[in-house]
Amino acid sequence: MFSLDWIYYAISWILLAWHGAWDRIGVPDGAVLGTNWAWILAIIFLVVTVRVILFPVFVKQIKSQRAMQALQPQVKALQEKHKGDRETLQKEMMELYRKEKANPLMGCLPMFLQIPVFLGLFHVLRRLDPAKENKTLYGWTVDQFNSASQAKIFTAPIAGKFGSTAEELARLDADGTTVKVMAGILVLVMMGTTYLTSRQMILKTGWAEDPQQRMIQRLMLYGIPLSLLISGAIFPIGVIIYWVTNNLFTLAQQQWVLRKFPPPPSVTAKSGTSARTPVQPAKTGGLLSRNKPAAQVPAKPIAPKVAGPKPGAKPVNPKKGRPAKRQG
């Protein structure tokens, strides 16, 4: 059976290393404003450590997304060409991706790589129960274990969760109402920041034309945040702090990358507003540049009016018209 102990050891090592660093800097280990900041900062900088390690993967993800966006016209052409022949369509699309060195799965790779970190932190914080006998598991000392199990954020223990039982709360020396209020607020923040990270990327890159990809985008935008309303009840508060911090880091990182490597305007228009392109030029022209429509609309009637001055030259036409009658 595959063991995840190496993940638990790695997460514990990073947490303890950052806690020790903040302790040496002078951040008090005791509670200030009901918060043990050394442990909260250790969780926050666990996120920073992981995201710095995964930054090269994130850059590859952005490049892959740009390649996929550039291929959208060709993908759409293949879909029209092989409509009704799904097997041939899949083969042609995989060949196109191979030829252009685009990987559809690269967009999800950073998220998949963070799943072990999330599970590792979830397991480590869930073990912070004073009733545990083996407190030195995964490289912890007894003092470190006791300090972390008593760590709080605004008097709510980081090992507590919204669904903690009365027995668990008693062992953590925590008030049930305080834990539920703190966990509830953090879950709502977690949902909101998760929604914003997906929305930020979709607004910049546009909605996909492919129905399946658009469905995935909708799932990422609405489905995952809503699912956190239920699953957040079993997350320790420390894990929710990790998730919120990770979302904030993602928002900042995506904003930087999208400014430094913006998607091609033509690709964004095709992927996000292709269905509206015939209508929007008239709307945007009227709102943003009113002089252009005024120049374009009269331009068409002016040509006929220039050719039509002939009725004004009737005195001349009859003279020229006589040979025409003779020819008739």
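You'll find the structure just up there.
Fair warning: this is a prediction, and the values are worked out from it, not measured in the lab. (Residues numbered from 1 in each chain as written. Predicted model: local features only at pLDDT ≥ 70, side-chain atom pairs only at ≥ 80, totals over all residues. Heavy atoms only, no water.)

**Q** Where do I start with the pattern of salt bridges in this structure?
**A** Any two side chains of opposite charge can pair, so long as their charged atoms come close to each other. By the definition in use, this model includes 4 salt bridges. For the salt bridge of E168 with K161, the shortest nitrogen-to-oxygen distance reads 3.5 Å. For E168, a relative accessible area of 25% translates into the label partly exposed. (Salt bridge = Lys/Arg side-chain N within 4 Å of Asp/Glu carboxyl O. Buried < 20%, exposed > 50% of the residue type's maximum accessible area, 1.4 Å probe, protein only.)

**Q** Sorry, what's going on with unusual backbone geometry here?
**A** It is generally the case that most residues other than glycine have a negative phi and that most peptide bonds are trans. Of note, the phi angle at Y138 is positive, near 65°, even though the residue is not glycine. The residue Y138 is located in the loop between α5 (109-126) and α6 (142-149) in this model. Judged by relative accessible area, Y138 falls into the buried class, the value being 8%. The residue F154 is not glycine, and still its phi comes out positive at about 50°. Mapped onto the elements, F154 comes out in the loop between β1 (152-153) and β2 (156-157). (Helix = DSSP H or I, 4+ residues; strand = E, 2+ residues; numbered from the N terminus.)

**Q** Whenever I open this one, a nonpolar patch on the surface confuses me. Can you help?
**A** On the surface, L109, M111, F112, L113, I115 and L119 cluster together into a nonpolar patch covering about 490 Å² of accessible area. Relative to the helices and strands, I115 is located in helix α5. Residue I115 is classed as partly exposed on the basis of its relative accessible area, which comes to 38%. (Patch = residues over 30% accessible without salt bridge, like charges linked within 9 Å, V, L, I, M, F, W, Y side chains within 5 Å. Areas by Shrake-Rupley, 256 points an atom, 1.4 Å probe, with all protein chains shown as cover.)

**Q** Would you take a moment to explain the packing of aromatic side chains for this structure?
**A** Working definition: an aromatic ring pair is given by the centre-to-centre distance plus the angle between the planes. All chains considered together, the criterion is met by 13 aromatic pairs. Centre to centre, the rings of Y9 and Y138 are 5.3 Å apart; their planes meet at 90°, and the pair counts as edge-to-face. Residue Y9 is located in helix α1 (residues 5-25), and its partner Y138 is located in the loop between α5 and α6; the two are separated by 129 residues in the primary sequence. Ring geometry for W39 and W140: centres 5.8 Å apart, planes at 10°, overall stacked. One end of the pair, W39, is in helix α2 (residues 37-70); the other, W140, is in the loop between α5 and α6, and 101 residues separate them in sequence. Pair check on accessibility: W39 and W140 agree, each one buried. Joined through ring pairs, the aromatic side chains of F118, F122, F235 and W243 make up one cluster. Its end group placed over the ring of F162, K180 keeps NZ or CZ at 5.7 Å from the ring centre. (Phe/Tyr/Trp six-rings, centres within 6.5 Å; stacked < 30°, edge-to-face > 60°. Lys NZ or Arg CZ within 6 Å of the ring centre and 35° of its normal.)

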